Structures are given as structure tokens and as C-alpha cells.
There are 2 protein chains.
Amino acid sequence: MPEPMTDGLWYTEVLDGKSSFGLRVTDVLHHERSDFQTIEVLDTPMLGRVLALDGILQTSERDEHWYHEMIVHPALCAAPSIERVLVIGGGDGGTAREVLRHPGVKRCVMVEIDRAVVEACRAHLPAIGGGVWDDPRLDLRFEDGVKMVAETDERFDVVVLDGSDPIGPSEGLFGRSFYEGVRRVVGDHGVFALQSESPTVYEDVFFDIQAALRDVFGASHPYFGSVYLYAAGMWTWTFASATADPLDVKAERVEAIAEGCRYYDGDIHRAAFVPPAFIRRRLEG
Amino acid sequence: MPEPMTDGLWYTEVLDGKSSFGLRVTDVLHHERSDFQTIEVLDTPMLGRVLALDGILQTSERDEHWYHEMIVHPALCAAPSIERVLVIGGGDGGTAREVLRHPGVKRCVMVEIDRAVVEACRAHLPAIGGGVWDDPRLDLRFEDGVKMVAETDERFDVVVLDGSDPIGPSEGLFGRSFYEGVRRVVGDHGVFALQSESPTVYEDVFFDIQAALRDVFGASHPYFGSVYLYAAGMWTWTFASATADPLDVKAERVEAIAEGCRYYDGDIHRAAFVPPAFIRRRLEG
């Protein structure tokens, strides 16, 4: 029998009113209501320090690699060019950190709506951003990613959308008009990579994202993994491009980042794009 | 903001005192203390009906396919022969059901220690066992799998261990002496497939299982997926055999079961055997 250790401080996220994931908490390092959301950093025995936004667990020291490597490297190892990269969201710095491990990246613009998230993460989750904040290739801007993408004249080889769930400040990042802006920004050969939710917890959201990307790019390539913190079994990201092939893996790019990877490698890249039968059938329509 | 719907009845499993997974419960269909464990069947809005043993969530109507297809089909589609199959545990019937979907299986012996689990599942989770209880190829025995494997003179082409976590009545199913019995029962060409826990929550258990299987069989081939109910991100199973190749997928066997599969297919089979980098490195030692 498991010991009934349920005493003391816990942080519990409730998914859709139907399931919950909780972490024992040994310390609340940060608690703030910013202009956009409630920001909390907690210390936990299970996953180390953890970031939560508006009650939703976002990233943890212990499993952030599973997420950040998978949102970045499939796009960065398969895109035709990777000199100019745009990261939208990703205030903890983990996504930009993985982008900038690629020596071929000359410039990474990171657009985060909430300066307070970056400040809380720099103060309390320094291991996630690592040296990214001092990298001269990083151009960090605090503005609305939806507005930026709609209005910019800049062009990027890869756009990575590291947003939270499609509620709260990230809502505008999910949907056709935003994707059309990204399509314009990456052109015919660029790549758009995004987290695309869990097909178990948010099945409709996952398939809606695929349908919208197919309308806008002509193709979407979901790929599969898992993130312990998200307590959803399977997690997905999606590679979208009008012309680029997600399985055109450039071995020299994989090699250049291999030593620092805990989850990703070239074989994981190819395996991740294999959909479970129920998803394959529904995507084939 | 998520709605704070935490009122009412919940079933919460606590992992190692450090994290928890909860399901909202609309009905408690069964609650019993058997000779071996506490057996509960609950109705939940998230996952349909759910079985719990000693406070640990075991299987659910909604996601049981992810688990049962993956514990059975990699072994049954790659083993040299599949006429005689032994299932140890698996009292809900889902594993034997998937085994018996293979037309090449002539006989499936299922050894479950706790008759009360089978009775509770037949009464309250009939969708999981399906028609398996009436299949003339099923030989259901209520006895201790550890003892049976140690003493039997029978030989099997495939042994599937569908046990719960290595505490409680399943404890003896994890470890070298049990594996040595299975090695004897399957011979040089047979295959042993088992659930091998999560490398996130129970990292040491996962690697201990691999080490013991390598000692006994000379090789172990873990494979990877996810089970929403287990709230552990990644879940693993392992294929062990002295000589059989887990990637020698027999296309005609995959084809024969394809229509009833919701998760598994030949591409998933091959992709599942790709380990994340941190596991590959540690297994390569």
C-alpha cells in the first residue's frame, strides 16, 4: 500500500474540472499578480523548481528538457535555413536557450508579452534560461506576439511558438489569423513549430490546430512525446511549412547539439513523427 | 483562468508522497477488500470507468487501449512463434483480449492471483475484457504467477507480465528469480513482454528491471509510450528474449489485428523502440 502522505502544502492543477495533477511543495519562491496573469515559482521534491501561470503548471527544472528540446530541435534540425529565428512566448528562456545552442543561428528574436515572467524566471529558475539572457544573438522584446507577427516586416527562417494553453494571454496565439501572420513571416520555405497540446486531454484543440495549419500552410506534421509535468500522457508539437520536409534531418546540426541533449537525437526525431493509429486515421480523414 | 472545480468526490493517487493524480468521481461502482488487496471500480467523467487496486489507478475504459495494445502486440507481432501464450496478472482481461485477437494464438493461459479482481471487472468493466472470458482458447487460472512459473513444466512461446507496481501482491513479479523462471518457460526463442514502469517516476525501478533482464536473457529491449492514467509522462514496456529480434515485425500479423487497434500499428512498433537520449546513454553504459 502506498503511504498516505497527503499532509502539508500541495499545488494542484485541475484539468477541465475532471482530473488533477498535484505536486508537494516545500517552498513558495515567488507569487505575483502581473498585468497579465498570476505567476508562481514553487520548489517541489518531485520536479525541483516549477513555474505556474494562472494555476497551470508550465515548466520544471527536472523535466523541462523533454519539452524544450522537442519544441526546438525538430524544426531547427530540418528547416532549410536557421539563421533568423523568432520565439514567441517562452518566458522561462528554455526555448531560446535550445535555439541558441545551434551554431547556425545568427539571431534569435524572442517576443514575450509579460516582462514579469522573464524576471521571475531569471531570479528563481536560472537553470532553465542558462546563459541565454547574455547571448549577444538574443533580441528580447516585451510585446504582444500576436500584434508583432501581424505588423512586422521582418522575415524569419523559423518561428517557434512556445505559448501556454489557449486560454488567458495565449488565446490569440491559437487560430487561423495568427497562423496566417506566421505563414507570411516564414515565407514558402520557412518552418513554424509550436506546442499543440495533448490529444488526450484536449483532443478537439489538437485537431483544430492541425486543421487550421493545413488550411494556412497546406500541411501540418504533428509529432509526439510526453511531458511529465503536463500529466496528460502524450504531448504533441507540430511542424508546419509550405514546402519543408520535417524528416529531412541535417546530421551535422544534430551532431552539433548532441552533447547537450538529454532527450532529443536523430532517431528520436524520426520516431516522434509517427502518429498513433487513432490520430493517423483521423488526420487522413 | 481555469475554473476552480474541486468540489465533490475525487479519487486521488499519491505517487511516492511527492506528486498526485486525481480523477473526479461520479459513482463508486465497487469497493471491496479481497484476500490480496483493496479493489475499487469508479465512474469518472474524464476516463469512463476506472479500476484501482490498493489506491493505485490501474486501467480505464478510455485509455486502456494505449496500455493493452502496447504490452501485447510488439511481442506478438515479432516473436518467432505465438501458438502458446501465458499472461500473468491482467485481471481486467484487456491483455488476454489483445492476445486472442491474433488468429495464430491457439491457447492463452491466464494466471491471475486474485479472483475478486476478475469478478469485479467482469461485473463493472465488461468493455475491457470483451468476449475474452468466453473464448475457448482462454485457460483462466486463479493462482500465484510466481509459484506457477517456478513450478510449471509447460512451455510457452510468449509470456506477458501484466502486473501492477512492484509493491503489494505484484512484488515477486519484479526480480531476477522470477525472470529466470520465465526464461526457462520461454526457452531460447520465446519472448517475454512486461510493463516496466516509468523512467520519470520510478527511474531506478526501470533501470533495475533492464539490468536483471540483461543478466537473465542476455538482452532487454525497452520500448516507450504513454498512458494518461499513469500520469507519469512516459511509460515503458520491455521485450526480452535470448534470441528474438523485436524489430522483426511480421507484416501479416500486424495486418490481422490492424482494424481493432486504436494505438498500435507497424510504424508505432518500430518508433516505440527508440529510446530518449538519456536512457540510451545509460543503457549503453
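Residues numbered from 1 in each chain as written. Chains lettered and ligands numbered in written order. Predicted model: local features only at pLDDT ≥ 70, side-chain atom pairs only at ≥ 80, totals over all residues. Heavy atoms only, no water.

**Section: the overall build of chain A**
We apply this condition: Elements are defined by DSSP. Helices are runs of H or I of four residues or more, strands are runs of E of two residues or more, and each kind is numbered from the N terminus. Residue-level accessible areas treat just the shown protein chains as cover; the underlying method is Shrake-Rupley with a 1.4 Å probe. In this count, Lys and Arg are taken as positive residues and Asp and Glu as negative ones, while His and the chain termini are left out. Lysine's charge is taken at NZ, arginine's at CZ, aspartate's at CG and glutamate's at CD.
The helix and strand inventory of chain A stands at 10 helices and 13 strands. Considering only C-alpha atoms, chain A reaches an extent of 55 × 45 × 35 Å along its principal axes. Here chain A has roughly 10,400 Å² of accessible surface; of this, 48% comes from carbon and sulfur atoms. Where the 27 positive side-chain charges of chain A centre and where its 47 negative ones centre are 5 Å apart.

**Let's talk about the nonpolar core**
Which entries qualify depends on this criterion: In this description, a nonpolar core means a group of buried Ala, Val, Leu, Ile, Met, Phe, Trp, Tyr and Cys residues linked to one another through side-chain atoms lying within 4.5 Å. Under the scheme applied here, a residue whose accessible area is under 20% of the maximum for its type counts as buried, over 50% as exposed, and between as partly exposed, the area being computed with a 1.4 Å probe on protein chains only. The contact definition used throughout considers only heavy atoms, calling two residues in contact when any of these lie within 4.5 Å.
By size, the foremost hydrophobic cluster in this structure holds 134 residues, and its most contacted members are A:Val158, A:Leu229, B:Val158 and B:Leu229. With near-sequence residues (within four places) excluded, A:Leu229 lies in contact with A:Phe21, A:Leu23, A:Leu47, A:Val50, A:Leu57, A:Gln58, A:Thr59, A:Ser60 and A:Asp63.

**Digging into the sheet that holds strand β1 (residues 10–15) of chain A**
Where we set the bar: At least two DSSP bridges between two strands are required for those strands to pair. Helix axes are fitted only over the stretch in contact, all axes being lines through C-alpha atoms; the angle between N-to-C directions runs from 0 to 180 degrees.
Overall, antiparallel pairing links the four strands, which are arranged β1(A)-β2(A)-β2(B)-β1(B) in an open sheet. Looking at which strands have only one partner, the edges of the open sheet turn out to be β1 of chain A together with β1 (10–15) of chain B. Averaged over neighbouring strand pairs, the angle between their axes works out to 20° when direction is ignored. Note: strand β2 (residues 19–24) of chain A against strand β2 (residues 19–24) of chain B, five bridges, orientation antiparallel. Directly across from A:Gly22, in β2(B), lies its bridge partner B:Ser20.

**Focus: the relation of the copies chain B and chain A**
Put simply, the test is: The fit set for superposing copies consists of C-alpha atoms from residues with pLDDT of at least 70 in both; the fit itself is least squares.
For these two chains of identical sequence, chain B goes onto chain A by a turn of 180° and a shift of 0.0 Å along the axis, with RMSD 0.0 Å. A rotation of that kind, with that shift, is consistent with a two-fold axis. Comparing interface residues between copies, 100% of those in chain B also sit at the interface in chain A, which points to an isologous, same-surface contact.

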